[in-house]
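Secondary and tertiary structure notes
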Amino acid sequence: MYVGRSYKLIDFALWSRRSVIYMVVVSGMAVAAYRLPGIAGFSVPWSVVLVLGTTVSLVAGFKNSQVFTRSGEALQAFTQITASSRVWSNFCRDFLDAPTAKQLIYRHIAWMTALRFSLRRPMPWESMGKAANIEYMRRYRIREDKGSIADELRPLLAEQADKVLKSSQPALALLEMQSVQVNALFKDAKLPPQIYVELTKLIRDLHDQQARSDRIKNNPYPRQYAIVSSMFVMIFCTLLPFGVVPVFAEMGKLGGVLSTVGIWLTIPFSTLLGWAYMSLDQVGESSANPFEGNANDVPISQICRDIEIELRAGLGEVELPKPLLPVNDIAT
Amino acid sequence: MYVGRSYKLIDFALWSRRSVIYMVVVSGMAVAAYRLPGIAGFSVPWSVVLVLGTTVSLVAGFKNSQVFTRSGEALQAFTQITASSRVWSNFCRDFLDAPTAKQLIYRHIAWMTALRFSLRRPMPWESMGKAANIEYMRRYRIREDKGSIADELRPLLAEQADKVLKSSQPALALLEMQSVQVNALFKDAKLPPQIYVELTKLIRDLHDQQARSDRIKNNPYPRQYAIVSSMFVMIFCTLLPFGVVPVFAEMGKLGGVLSTVGIWLTIPFSTLLGWAYMSLDQVGESSANPFEGNANDVPISQICRDIEIELRAGLGEVELPKPLLPVNDIAT
Amino acid sequence: MYVGRSYKLIDFALWSRRSVIYMVVVSGMAVAAYRLPGIAGFSVPWSVVLVLGTTVSLVAGFKNSQVFTRSGEALQAFTQITASSRVWSNFCRDFLDAPTAKQLIYRHIAWMTALRFSLRRPMPWESMGKAANIEYMRRYRIREDKGSIADELRPLLAEQADKVLKSSQPALALLEMQSVQVNALFKDAKLPPQIYVELTKLIRDLHDQQARSDRIKNNPYPRQYAIVSSMFVMIFCTLLPFGVVPVFAEMGKLGGVLSTVGIWLTIPFSTLLGWAYMSLDQVGESSANPFEGNANDVPISQICRDIEIELRAGLGEVELPKPLLPVNDIAT
Amino acid sequence: MYVGRSYKLIDFALWSRRSVIYMVVVSGMAVAAYRLPGIAGFSVPWSVVLVLGTTVSLVAGFKNSQVFTRSGEALQAFTQITASSRVWSNFCRDFLDAPTAKQLIYRHIAWMTALRFSLRRPMPWESMGKAANIEYMRRYRIREDKGSIADELRPLLAEQADKVLKSSQPALALLEMQSVQVNALFKDAKLPPQIYVELTKLIRDLHDQQARSDRIKNNPYPRQYAIVSSMFVMIFCTLLPFGVVPVFAEMGKLGGVLSTVGIWLTIPFSTLLGWAYMSLDQVGESSANPFEGNANDVPISQICRDIEIELRAGLGEVELPKPLLPVNDIAT
Amino acid sequence: MYVGRSYKLIDFALWSRRSVIYMVVVSGMAVAAYRLPGIAGFSVPWSVVLVLGTTVSLVAGFKNSQVFTRSGEALQAFTQITASSRVWSNFCRDFLDAPTAKQLIYRHIAWMTALRFSLRRPMPWESMGKAANIEYMRRYRIREDKGSIADELRPLLAEQADKVLKSSQPALALLEMQSVQVNALFKDAKLPPQIYVELTKLIRDLHDQQARSDRIKNNPYPRQYAIVSSMFVMIFCTLLPFGVVPVFAEMGKLGGVLSTVGIWLTIPFSTLLGWAYMSLDQVGESSANPFEGNANDVPISQICRDIEIELRAGLGEVELPKPLLPVNDIAT
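Please read all numbers here as calculations on a predicted model, not as lab measurements.

Moving on to the interface of chain E and chain A. In this complex, chain E contributes 57 residues to the contact, which on the side of chain A involves 64 residues. For the pairing of chain E and chain A, the buried interface totals around 5,200 Å² over both sides, and the portion due to carbon and sulfur atoms is 69%. The three residues of chain E that bury the most area against chain A are Arg204(E), Gln224(E) and Tyr225(E), which together make up 12% of that side's buried surface. One can count two salt bridges joining chain E with chain A. The partner of Glu176(E) in a salt bridge is Arg93(A), with the nearest N and O atoms 2.9 Å apart. Counting every contact that joins chain E to chain A gives twelve residue pairs in polar contact (both at pLDDT 80 or more). Put simply, the parts of the chain that give the side of chain E that touches chain A at least two residues each are helix 3 (46-95), helix 9 (170-187), helix 10 (193-218) and helix 11 (223-252) of chain E. Tallied by class, the residues present in the side of chain E that touches chain A amount to 31 nonpolar, 16 polar and ten charged.

Our focus in this paragraph is the side chain of Ser213(E). In this structure, Ser213(E) sits in helix 10. Classification of Ser213(E) as buried rests on a relative accessible area of 0%.

This part covers the interface of chain A and chain B. Every contact between the two is made by 57 residues of chain A and, on the other side, 64 residues of chain B. For the pair chain A and chain B, the summed buried surface comes to about 5,200 Å²; carbon and sulfur atoms form 69% of the total. Looking at the side of chain A facing chain B, the largest losses of area belong to Arg204(A), Gln224(A) and Tyr225(A), adding up to 12% of the total buried there. Inspection of the region where chain A meets chain B yields two salt bridges.

Evaluated as defined, the whole model comprises 65 aromatic pairs over all chains. When the ring of Tyr225(C) is compared with that of Phe68(D), the centres are 5.9 Å apart and the planes differ by 45°; the resulting orientation is tilted. Highlighted residues: Tyr225(C) in helix 11 (residues 223-252) and Phe68(D) in helix 3 (residues 46-95), drawn from two different chains. When its relative accessible area of 8% is taken as the criterion, Tyr225(C) is described as buried. Considering the side-chain rings of Tyr196(D) and Phe95(E), the 6.4 Å spacing of their centres and the 65° angle between planes classify their relative orientation as edge-to-face. In this pair, Tyr196(D) is assigned in helix 10 (residues 193-218) and Phe95(E) in helix 3, connecting two distinct chains. When sorted by exposure, Tyr196(D) lands in the same class as Phe95(E), which is buried. An aromatic cluster of at least three residues, connected via ring pairs, comprises Phe62(A), Phe62(B), Phe62(C), Phe62(D) and Phe62(E).

About the cut-offs
- Residues numbered from 1 in each chain as written.
- Chains lettered and ligands numbered in written order.
- Predicted model: local features only at pLDDT ≥ 70, side-chain atom pairs only at ≥ 80, totals over all residues.
- Heavy atoms only, no water.
- Contact = heavy atoms within 4.5 Å.
- Buried area = accessible area lost by both parts, 1.4 Å probe.
- Salt bridge = Lys/Arg side-chain N within 4 Å of Asp/Glu carboxyl O.
- Polar contact = N/O pair within 3.5 Å; in protein donor to acceptor, adjacent residues only side chain to side chain.
- Helix = DSSP H or I, 4+ residues; strand = E, 2+ residues; numbered from the N terminus.
- Nonpolar A, V, L, I, M, F, W, Y, C, P; charged D, E, K, R; others polar.
- Buried < 20%, exposed > 50% of the residue type's maximum accessible area, 1.4 Å probe, protein only.
- Phe/Tyr/Trp six-rings, centres within 6.5 Å; stacked < 30°, edge-to-face > 60°.

Purely spatial values, then, with no claim about function.
Encoded structure:
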């Protein structure tokens, strides 16, 4: 997630420069076609461009709005995890002996770690493979790409780590181990029933938040909607210069410098507009997968690190991990 | 649910090629009418097309947005079922003897199976009967279309299967059997009250999710809204070529190749636009029934299979069913 | 609720034919005015029609979207009632002696009956009095219009029926009787506390769903919003032919058949467009009151009958009422 | 809340006639400017009016939609209060001796009364001070404006009334008194724990609904949004006649009656449009404060009276207050 | 939060005068370019401006709508805190001895204080650093900017203050201390289990509301969306005067005063429009961070002070702090 004042226009322009190149090429073709003997004067009626412009704005507007809700929900899931983690830690420390509490809290940190790694794995529809994003990604780093889940889980789980790592869904395996232990404590009457009920509620909540995050991770923003939006943007941007060219050709008749420059103004002008509309679509596309490791992601590495610090401090540890600071204004 | 990077444009075009044919025919008629002696010069004022274009975008935009919410809710119901299934399985295994636990967990899998079959049955308003969809469906397969509910329930329910299969709503019958057994365990004091309360909550949640899925299955996206949207799209697309034809006829006066080609550009041009707008409407229509077995469905077969694998693994079974992988990038 | 594949265009056209007549008359006036000596050439600038067209689409779009949410909520209330009824029936049968269970379940059916009748009563703002709807209603029947609440409640409530029928709000009186009896069972220790708490929750939920349905029934979609939307549609549709007429008059100058037909094309053309926009508004208006007995209603008679069948079957009855099938594709 | 079939157009026109006057004056100025020697022919390009028209529709559409949600939430709060009141009354009557039950139920009615008066007090941003609303208000009456809170609370609270009236927030003081008494009953073991827990939940719910109503009352629809919307409407409506005037001036050249009348058509025409757009904005503004005593309010006096009747009837009283019927179709 | 009747137009204009200056300069350039020999007659086709206008309205409309939801959620969090604080105070006073109750309630006030200070700290993306806002801020004052957290916490926490102030997250430390004490009271059997459960729920709710407020504070409205919106507004407003200039130049040909004034009308006219559109964007931007100390903020200082007064009055204190009144109609 970008946490600076505002994207710098230059960064934004660099990121989206592929659109610029596309627009320059199409505009050049429009100017050429307009002047090419045989089809001289060829253009697309502006009124068509106008209808398309309205549709593009609406379709992209709805898409961005839905994508916004989607990544908002991802953030909410991790907000809930934050609150539940704190309550979990309080109950464990107040009602259980120190070693058991530590075990349950460490395993909770391990669960967040496993969930984090699982959410960062690449999916076919995610856009990190796109040239623009690969390039941009040099500016920051994703913690899960550098480390390995095994290295992170071992110190937290001791001898249980291997069993968890062998599981096909480590996060789920860890939540189940929490259940089993809490249930055992209850059966051995080591937990008052009220506290057992509260811990049970918390485990249920963690299950819900994991299922919610998995839902967002495993189910893309419907591809049929995405393609319709991109299709309209592409049709609009391709026709745009053909609609603009006669206007500037006309202006060339005014004489002066314009007679030379006139028609060529089509290129910067169409490019500016086309770039803006393509960015509108690209921005939605780049926010659709909030766990892919994008600059617009929900910063799950940072959120989980913050929780880890709190929980360890609560256990009285003094050698705490450092918070993950944004790199180049990007929190991950 | 399509889970590839993006629909391939060619697939999308093939799927929607009926719109293309319609547009070519209407465009041809527009060109013919424009040239037909007696009504030569007949056209529809573009300004009318412009107003309609804005309306079509808005009406289709709202419709797609509502349909998106609808299928989003269907997905949420199954996310909840996933989370509840895991918690159900944990409680059963930790607080009941092995055979009872196995019986309750198997019956839970049977319930998901019955629900799945019930949600896949065809409804009059669903669009799987449409030529475009039948054709597209050759690319993937719906598990419920191949198997029979009887074959799937028998190994799970043993002698109880027949009674369930005779019921008019097998899923409901299975949930009731869960209630009856859990209540009996409570009355026999084989369950601590806290656990009984949790199991009761889970059964209530499963009832809620089933009622929610049934609501989406049994109540179509309001047909009066759907018809208004389609009506506007049809009027717009039919008038479009009549609005475009005079512009290209005019261009024909520029001489060169355009004098021959000019007016015929109406056809590819109107077809491109008409196809885009018809796809906008068709995409909404094809996402409106998230359980119909469409390529844009909520992948309930896959979700239920994943849960089944988890629950069986939890029971310590080693011969687990295989996950259902997407076929041609379509998860079902 | 219409549950066919799609409204037939002919039915839809018949239903909305009053708009057609209005548009034909206004278009005729526009042609006449355009030719009337003295004001010959009178028209409304198209650009004005254009602005209004955008506004009409937006205002009607927002209205339809809000109305959609409104009737979606009505459907949700009855989905919740379905789920709660099933749970209610399970608890009653498993924890109470047969006669008491039967009494509580029958009274629950009586409550749904009373609620149903109450939701079907006419309200001043509902649109069933409109000619178009009265006519359309010949195609289906509303169960509550044929029967009487007294006849339906007597077999369910035996001697308690009269007291309930005398009450000003029978549904509420019935819910209170459920509370009183459940509380009495608890005080007599005939219900374990856990079950009492669950039944209490269910009664609370039924109170909530009844209050929710009553809210939708008793509070119209804000009339000030409805009138603004209708006002814009009327202004737009009335001005539309005056904007269209000069375009077709112009076309008449092209000679050929068009010189005779030309200007008269204003009438079919304006009528087509006007009818589409009026339908857009009418469709919203006809969905605004989901309990009025409209073809677009939430099918509460059918939902309640389905629940009744389930509950009676659960009591082991064999002479079950028949499900209410859609009549002419309309579920009520 | 208006509960007739539809606002009568004449009432609506009277209510919004200030817009009409404004539009007539501005239109007159536009005609004058167009003819004034020196600046003859002055007009505003229609294309500008077109852009503004789209923006105005959108901005006003979003505003009306948000305001709709706001007053919908206000209505929901009172729906919840209705349901909770019924459950409160049931528990009190079934589990407490008659005098205590009566005291708790009367105090509940007093709480609703105090809440009602508090929600009806005027706030600086409310629009009841506007001439159009003051005038319209002669048609109905707000119960809280006629009576005094002291007169209404005394019979309900007996000797406790004075203490409550001295409090700065009587509704809150009353809810606290409920808590204190219920807690005391629990400490004296006069309430079974299950019932105490339910009553506690209900008090929490009433606190929530009061805080929700207060939030809507105390926090206006963001003034910065409101001013931007009004600003766009004013700019649009002021420029509109200047955009319309050249079109009708042109029409005057057609001869006949139009040569005399032509340009003057600007006035009725601009007025009709301007009035419609101003109404669009005014309707949102008049629904933004759902407790201000407006004709579009949530009818809290009527809702609370209905609850009062139910609760008193539940206590077996026979001299019940009359329901508050809508006056001139306005429920308050 | 602005709580006057309406922003005064003059204040609004002053606040947004930087847009006015920008528009005057650009308009001047447009006029100059149009007349500059060599490029005389240079303009931007209006049709382009029209497309952009629609897009700008839509993009800004969606943005403002999302920002509205965001600050609405912030307000809801504090509404929940209000309700929970009241219930917290009631339970503490009724079930605990006076000193313990006072300690728990004072610590609760301290928690709100710490939360308040934490939410008011500046973030890189917040807009308080913008010249327009710094200037406007002279009109009101933010309580947290004047006082220090240490001064406010000391009287509430006595000797515990130092420990809390040393913590990196004082609000969190205080909530944990509440947990620890409540848990201890339960373990010492000084709280009935039912009350312990209620207090536990309240602490969980406070954790949730804190996490929710922190989420809104720590995660900006997505910067990529904000920049796209601003980008469209800037492109539109910059091109606008170039689109307007030929129209007024044309009008200059009508003779009279207009021949002199004509083209210069471009400047006031473009400025009026450009200012309105820039305000539309700026208003959204200024509402995006509801805790930054802006005039459009959620008034958390005032809400917390009101709660503090209530809680202290509940403890029987008579020297109560004064409510924070709005300064210049701005509640903070």
